[in-house]
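# Per-entry structural report
Listed below, chain by chain, are the residues.
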Amino acid sequence: MKRLSRFLPVAGLSALLLVGVPALANAKSNTTTCTGVLASGAYKKVDVPAGADCFVQTPVTIQGGLFIGEGATFVLGDEEQPGDNGTISGGVHATNAASVQIHFMTINGGVDVRGGSGPFGGPFGITWNAIEDNQINGGAVVEGYNGFWFGFIRNHVNGSVSLNDNVLVDPDGNEYVTNVIHGSLRCGDNSPAPQIGDSQGSPNQVTGAKTGQCAGL
């Protein structure tokens with residue numbers, strides 16, 4: 001399924017970027033709080049507080065980790081606009097976020113996304129996670145996401161990947177394909193079961209074991 005293009009026209013996203021409130025930097029803590037638009041540039045730690053929306057202008061460099069709060073939406077890049085969008089060091093950390101959408105980034109420190117905030121709400125009316133076309137160093141965990149759709153597609157991962165307990169409304173959800181993983185791939189208790197869907201993807205290349213629902217994927 002075409003994630004952003006299906007649910008939100010490009011013009012609509014551009015309008016959101018134009019009217020968004022700029023991110024605010026805290027010089028004392030070296031933390032930038034994003035509640036609107038994060039301009040292209042270099043940052044230490046970036047925090048998206050509970051309930052906030054953060055739309056990132058690329059390229060961007062984050063040196064001290066990305067932290068996404070409960071009910072928050074984070075959008076960086078688009079699958080239909082390939083390129084080098086920058087680097088996140090210190091990992092990606094999300095707890096009960098509405099949507100985590102990251103494309104064409106180098107992520108050092110891994111991805112750790114836990115929980116969700118339901119399939120409806122946020123700036124798009126529905127919620128989805130899209131971790132696509134990234135270089136991820138440090139492994140990835142996405143567990144307990146309760147949203148509308150989730151895709152983990154075309155990533156190169158140094159480390160193991162665990163995708164468990166993700167329950168989605170869209171029967172075309174939980175697309176876990178075309179990844180190159182230097183480690184193991186563990187999947188369990190996802191609904192719908194992990195699938196290729198309409199991504200036109202290919203089987204995951206995994207140097208370790210494929211277990212659970214991803215054993216044949």
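This write-up is about the structure you can find in this document. These numbers come from a predicted model, not from an experiment.

Cut-offs applied
Residues numbered from 1 in each chain as written. Predicted model: local features only at pLDDT ≥ 70, side-chain atom pairs only at ≥ 80, totals over all residues. Heavy atoms only, no water. Helix = DSSP H or I, 4+ residues; strand = E, 2+ residues; numbered from the N terminus. Buried < 20%, exposed > 50% of the residue type's maximum accessible area, 1.4 Å probe, protein only. Contact = heavy atoms within 4.5 Å. Areas by Shrake-Rupley, 256 points an atom, 1.4 Å probe, with all protein chains shown as cover. Pairing = 2+ DSSP bridges. Axes fitted to C-alpha atoms, helices over the stretch in contact; angles between N-to-C directions. Disulfide = S-S within 2.5 Å.

### Looking at the overall build of the chain
Counting its regular elements, the chain contains two helices and 25 strands. Split into buried and exposed, the 217 residues of the chain put 50% on the buried side. In the chain, 45% of the contacts between residues at least 6 apart in sequence involve partners at least 24 apart. For the chain, the accessible surface area stands at approximately 8,600 Å², while carbon and sulfur atoms represent 54% of it.

### Overview of the sheet that holds strand β22 (residues 180-182)
Taken in spatial order, the eight strands of this open sheet run β4-β7-β10-β13-β16-β19-β22-β24, and their pairing is parallel. Pairing within the sheet leaves two strands with one partner each, and these edge strands are β4 (41-43) and β24 (205-206). Sheet topology places strand β16 (residues 135-137) next to strand β19 (residues 156-158); three bridges connect them, and they run parallel. Across the sheet, Asn-137 pairs through a bridge with Asn-158, a residue of β19.

### Examining the sheet that holds strand β6 (residues 53-56)
With parallel pairing, seven strands are arranged side by side in an open sheet as β3-β6-β9-β12-β15-β18-β21. With partners counted over all chains shown, the strands left at the sheet margins are β3 (36-38) and β21 (175-177), one partner each. Averaged over all neighbouring strand pairs, the angle between strand axes comes to 15°, with direction disregarded.

### Details of the pairing of β6
The side chains of a regular strand alternate between both faces of the sheet. When β3 meets β6, the two strands line up parallel, connected through three bridges. Bridge pairing links Gly-36 to Cys-54 in β6. As defined by bridge partners, β6 adjoins strand β9 (residues 73-76) across four bridges and the pair is classed as parallel. For Phe-55, the partnering residue across the bridge sits in β9 and is Val-75.

### What about the environment of Pro-119?
Among the secondary structure elements, Pro-119 is positioned in the loop between β14 (111-114) and β15 (128-132). Residues Pro-119 and Phe-148, 29 residues apart in the sequence, show an inter-C-alpha distance of 4.3 Å. With residues near it in sequence (within four places) discarded, Pro-119 still touches Gly-125, Ile-126, Thr-127, Asn-146, Gly-147, Phe-148 and Val-169.

### Considering the state of the cysteines
Per the stated rule, a full pass over the model turns up two disulfides. With its sulfur 2.2 Å from that of its partner, Cys-34 forms a disulfide with Cys-54. Residues Cys-34 and Cys-54 are joined by a disulfide whose S-S torsion is about 95°; by sign, that bridge is right-handed. Separated by 20 residues along the polypeptide, Cys-34 in the loop between β2 (31-33) and β3 and Cys-54 in strand β6 bring together distant segments of the chain. Considered together, Cys-34 and Cys-54 belong to a single accessibility category, that of buried residues. Between the sulfur atoms of Cys-187 and its disulfide partner Cys-214 the distance amounts to 2.0 Å. Torsion about the S-S bond of the Cys-187 and Cys-214 cystine: about -80°, corresponding to left-handed handedness. You can see Cys-187 sitting in strand β23 (residues 185-188) and its partner Cys-214 sitting in the segment after β25 (210-212), a full 27 residues away along the chain. Across the pair, exposure class does not vary: Cys-187 and Cys-214 are buried alike. Indicated for the chain is the disulfide connectivity 1-2, 3-4, based on numbering the bonded cysteines in sequence order.

Such coordinate-based values are descriptive only and should not be taken to indicate function.
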